[in-house]
Amino acid sequence: MHVPTDGLAEQLCEHLMQTFFTVWMGSCARCFPTPTMWKTSQIMVARWRHHSPVVEWWSRIISTLTSRLLETMHGPSFPQYNTNHEELKLVQNISNEQIAQTWFRMLHIISDPVELCNSNKFSKSPLFIERSLKSDSFIDPSQHPCLRMLPYIFLKVMKGISSLVDAFLGLSSEKKYEVTYPNILMQISTPITPTNTRKSGKNKKGSSVPPKPPSSPLPPSTNPPTPTTTPSNKVDMHPHPSPLRPHVNTLLHLLGGWLFDAALASCQFEQASAYEGRSRTPSGVLASNLLTAPPSDMVANPMFDGSDFPESSDAGRAESCGALCRLVCCKRTGEEILPAYLARFYLVMSQGLLGDSRQVTASILLNSVNMMRIDLPGVTCLLPALLTTLESILPDRDLQYYKPYVNTTELRRASIHLLISMLPLPLHYNTMEIEEIWPPSVEKLTFQSTRKRLLDLLIGSLQCETDAVNTQMILGALLLTLHDSALFESLGDSANGSPLGVVQPNENEVVPIDTAYGLFVQVVNLVSQKLDPWKSDITVTLSALELLGGLAKARINMPDNHECRRAVHELCSYIVHQCERPPPHHKRELHSMIVSAFHTLSIWLNEHPYLMKNKECLNEVLEIIELGVTGSKSRVAGSVVMKHEKELNPVSMRVLEAAEGLLIIVFEHLGGFPTPCTPSTTCSLLDERTLLSHASGGHDITMSEAVKRFRYFSLHNGALLSLLEDNLGNEQEPVPTVTMVIRGVSGRKVWVGQLRQTPREDDMTPDSYLTQHDRPSPLLDREIPTKPHYRTFPEEVDNIPLVNADVSIPLLSDVPDPQQIIEILNLGKLIETQIQYDEEVTRQVNATPEPMHGCNPLPPTNEFQSARLLLSHMNHLTLGSVKANVDERRGPDLVMLTSSDPCFATDLLSLDTTPSRHHDTVFVFYVKQGQTNRDEILRNVSDPGIPLHPAFGEFLLSLGWVVPVATHPGWNGRGSSGMNSAETTSDPINLNDHPPGVFNGDEYLLYYADCGTEVAFIVPRLPPGGAVEVDGEESRPTMKLSLDLSATASVTSQESPTSPTNPTNPSLPRKKPLTPRPQATPDAPIALVWAETYDCFESFDVNEVVADLSLDGADLKIKDPVVIFIHPMECGLFRLLVKGQNATKGGVAAPLVSGMVVSRRGLGGAVRMTCVNICNRRRLGSDNHVPPHVKRKQAINEISSKYQRRCTQPDFYTSIFTEGIMTSSNNNEMLTAQS
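Figured I'd write up the structure that's included with this text. (Residues numbered from 1 in each chain as written. Predicted model: local features only at pLDDT ≥ 70, side-chain atom pairs only at ≥ 80, totals over all residues. Heavy atoms only, no water.)

## A short note on the overall build of the protein chain
Part 1 of the reasoning: Looking only at helices and strands, one finds 36 helices and 24 strands in the protein chain.
Part 2 of the reasoning: For the protein chain, the accessible surface area stands at approximately 59900 Å², while carbon and sulfur atoms represent 54% of it. (Helix = DSSP H or I, 4+ residues; strand = E, 2+ residues; numbered from the N terminus. Areas by Shrake-Rupley, 256 points an atom, 1.4 Å probe, with all protein chains shown as cover.)

## Looking at the pattern of salt bridges
Part 1 of the reasoning: If you walk through the whole model with that rule in mind, you get 32 salt bridges.
Part 2 of the reasoning: Put simply, Glu-546 and Arg-1177 hold a salt bridge, and the shortest N to O gap is 2.7 Å. In this pair, Glu-546 is assigned in helix α20 (residues 538-553) and Arg-1177 in helix α34 (residues 1163-1181), connecting sequence segments 631 residues apart. The two residues Glu-546 and Arg-1177 agree in class, both being buried.
Part 3 of the reasoning: Its salt-bridge partner being Arg-748, residue Asp-912 comes within 2.9 Å of it at the nearest N-O pair. Separated by 164 residues along the polypeptide, Asp-912 in helix α30 (residues 904-913) and Arg-748 in strand β10 (residues 747-754) bring together distant segments of the chain.
Part 4 of the reasoning: Its relative accessible area of 1% is what places Asp-912 among the buried residues.
Part 5 of the reasoning: Salt bridges here are not isolated pairs; linked through shared partners, they connect Glu-688, Arg-743, Arg-748 and Asp-912. (Salt bridge = Lys/Arg side-chain N within 4 Å of Asp/Glu carboxyl O. Buried < 20%, exposed > 50% of the residue type's maximum accessible area, 1.4 Å probe, protein only.)

## Let's talk about the side chain of Ser-722
Part 1 of the reasoning: By the element assignment, Ser-722 lies in strand β8 (residues 719-724).
Part 2 of the reasoning: Among the polar contacts listed, one links the side chain of Ser-722 to the side chain of Glu-688, at a separation of 3.1 Å. (Polar contact = N/O pair within 3.5 Å; in protein donor to acceptor, adjacent residues only side chain to side chain.)

## A word on the sheet that holds strand β15 (residues 1013-1018)
Part 1 of the reasoning: Pairing is mixed across the open sheet formed by 8 strands, whose spatial order is β13-β14-β15-β12-β19-β22-β23-β24. Two strands lie at the open edges of the sheet, namely β13 (961-964) and β24 (1157-1158), each paired on one side alone.
Part 2 of the reasoning: Across 2 bridges, the pairing between strand β23 (residues 1134-1139) and β24 is antiparallel. Bridging across to β24, Arg-1135 finds its partner in Val-1157. (Pairing = 2+ DSSP bridges.)

## Things to note about the environment of Glu-1098
Part 1 of the reasoning: Assignment of secondary structure puts Glu-1098 in the loop between β19 (1086-1091) and α33 (1102-1105).
Part 2 of the reasoning: Taking C-alpha positions, Glu-1098 is 8.6 Å from Pro-243, a pair spaced 855 residues apart along the chain.

## So, empty space enclosed by the protein
Part 1 of the reasoning: Counted by the stated rule, this structure contains 6 cavities of 30 Å³ or more.
Part 2 of the reasoning: Along the wall of the largest cavity there are 23 residues; nearest its centre are Cys-329, Lys-331, Tyr-1094, Asp-1095 and Arg-1135. (1 Å grid on protein atoms, 1.4 Å probe; cavity = no way out; pocket = protein on both sides within 12 Å on 5 of 7 lines; lining within 4 Å. Points joined across faces, edges and corners; volume = space filled by probe spheres on them.)

Here you go:
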């Protein structure tokens, strides 16, 4: 067979191998070969295997046999191994009993495939040397042209073995992140000039002819493949093996020897003495670079000799390392791998990561994304090697050295996966030492010393990253790391009572990045600078804004608020820049980014209200609100435009609504959240019914009766005023009192106003001011009146002689015209008449003997029109406020409503149940190992006798506060919620005596709220009795579960199914139903699954678990749900998987992305933040979503339009003056009667 490459053997090899394997498979089906024949064929194939067709046909046949073997072992449920249909015909006649024997013998018929990487194994064989000596034209055996094909053949055989590993794991149908090997194909196709010939090189005729270079043994159709140009848009890169796969040890027993040997082919190990004089920096970096200057005392691998082809085995090594990584990373939860295999695996990984073969390094990184998060014992020994490798990849923007082999975007994504899985290790293990496997070091490396390198690498990777999916992963990791650092520092060191890692920098000193404050400064600066380059990518921008919003919630000890002020300034600048972009750029995606920026700005102001004390910050925020509402600023380029002169031309209605929402927060909630009513409500819990019930001594009053005692007005800006002119039974201070129930876009507020004449701090009581004081006694002794002589001028004037100027003005009787003469005569008559009247009065007084009484003040009034006074003082009761504004096409500013309509109270209750914040619902499930049945899953939290993970209860309590549903005024995960006060109470719960299913929403639930969002965490459970047995078989009860999922979506809830405004309620007929408000499309609910085993995410189906949960009497069908799987690791950390998000459509919500590893202290907060961000993104992407304040404004306008009292302006004022007195008197009489 050892003839020139263009000889007969090379030409017939392909057909010979096809004939051989076809005949052999036929003999296995008809007459199974004897062991002797198998041994003979093994020897012959071992001699032929340096030819490419031998390995290629062996790979095809063994793949076909493997497909049949898997079908025989696991049945049709196992993932099908795709093979050629023609080869499948060769083995279809082999019986199931013979298929296993045939497969095992055919697997080993090629002997040890690792020998294909060593050319000396063939060149020094006796047969090879003998054939070379007999040939006249061949060079030295080691330079034989066919040996140049060995790297390619070694790659082929390792690809075949790698495909077997994938087949047994059930990964054959999944997308593979492959490494291409162009170098090996170029090396094979380059001819080699002979350097050592046995003959003189002369032909038989004696002429000297230069030897003809041998032709390339590479098949002409083989071209160097190129890496995939389009990377995947999925965050998740980990393999999804079949649950029926064999154990890792089983496959390692079968194929591990070949894989380990192939992975270490041509490797050299450095002696331990070479590192004795080598030291590490405090961060753990070797002082000298092993890769650039290898020491001279390298120990060669005794199994191989890599001197022939120092780079020839890299391609095969890369395939074997990738197969080993996929195999080990498919370890089941709790599965143990033999220590010998782990030791060899770690040695292979360290050699591959620290070696100089970029093909091997890329293959390891692409196939080992799960290596640090599958509880491998001792895997932290690879942390230094991994960190060193990632430092050479992530900060490199171009990765020119890796482009020929892999898709650089996928390589960076795999590196980011490894990085985010290592981030919690320094704070988790803290000062523990890292046991390195290779190379050994004298100075011990601790986990804490690697923290700065990890954070620098994370920041550097964000600066260089250009892919949207990778950038979202880094942003989420930054937010999670920052919160974990802040929590770690807040807990502090219990031994000395000082926080760990809290460093207060001096002036002009750089803040260390390994502290929470230092990382906060770095992230704020970097993300603020990156907002403008990311403006065209909505997914990255939303993640960046969520990161900034999460930074605002981090509890960090900040020496000053300069960085917070900078963050607010950058957000405002970003909004201005986006709003001022040219009209062609104004699309839905742009407006969504602006709305998200307004939401992030509101989070910063809520968490840091002291920023509004800064005059510049306050002015900047108000200008941004003005820009969002009107579309322009009042101050532009030095010119000032008055507010009333501006035209409303907002960027879009969504931006307008977002700006209005921020305005409401600034003026109503800033610095006032949480309210005295706890965070469960931002509104007052009082209404007309509770106010009158309190005034009447606790008597129950219906809402229909209560509204008749109030006077209702509507304001044009979207507010309803309910006025009660009564002191609510407060007889201690009988002063004019008015009680106002204000229903606005932000909720319901109750105010009580009193018209007081004395300050509350005055010692004098109001009665003392109302008491009539004694007047002085009148003087009864009268003298004889004398008639005084009145002069116009003093007497001295008469002695002054007149001059001509004194007579220059003529007398009145000398100059008037006839008309004036008549007027003068009339005036004279009036004067004469008044004189006569005064004289007559004087005469009568003098003739009366009784004296005239003194004047006394009028007694204080007991009837007040306090409602009229209030409206007048608030400038609502004016001549212009009750007239319609025809020019602006709007009605009057003040409208009186008719409260006597029987449907008025019903619509008020409907308005009160309209939420003022977003409502989200999250369901929590607990799945044990191997559970897929709905009843089994729900029973885990229903039966107190079932043992659960110790951290599960702690995780639940970290999601929110425990609230009793009966007294909870906020969102409860059902369709009924709102601002109504509770009437019943429930006993406190002892969590030690109840299973987690007590939070199913019937009596208790877990609740969290901030200024803009309410979240209800519900743990569904089986009802009492659960599954019952009927005739020995278990069946489900006919009744539905009591859990109501009517508003399980993250969209704000609409009117409650049990609301009195529901037209389907027959007990409350509607005279004329209001126009239906815009209904939002229900978003997919969020489910949290605590999985004891990580593999359960493949079999968990939300629709199966909630199959019997009712939705308004109908079965619930969830479409495209978002599920967050939480898997507790043995090391104390938690592995996360987010299922249901699309990284390119809608983006990945921060901070948790699939593959993250979270610490125990930050798990609850990170999960809750992710749930809220997911719901916000769903609302942002919905075309039908209506913000809560807009929904309430629409409801108020509908009520105003429906119950407006149509009357003229005189009738309006008449009712204002008359109905107030009547209503106040009726209220006093009713309250007195009820008391």
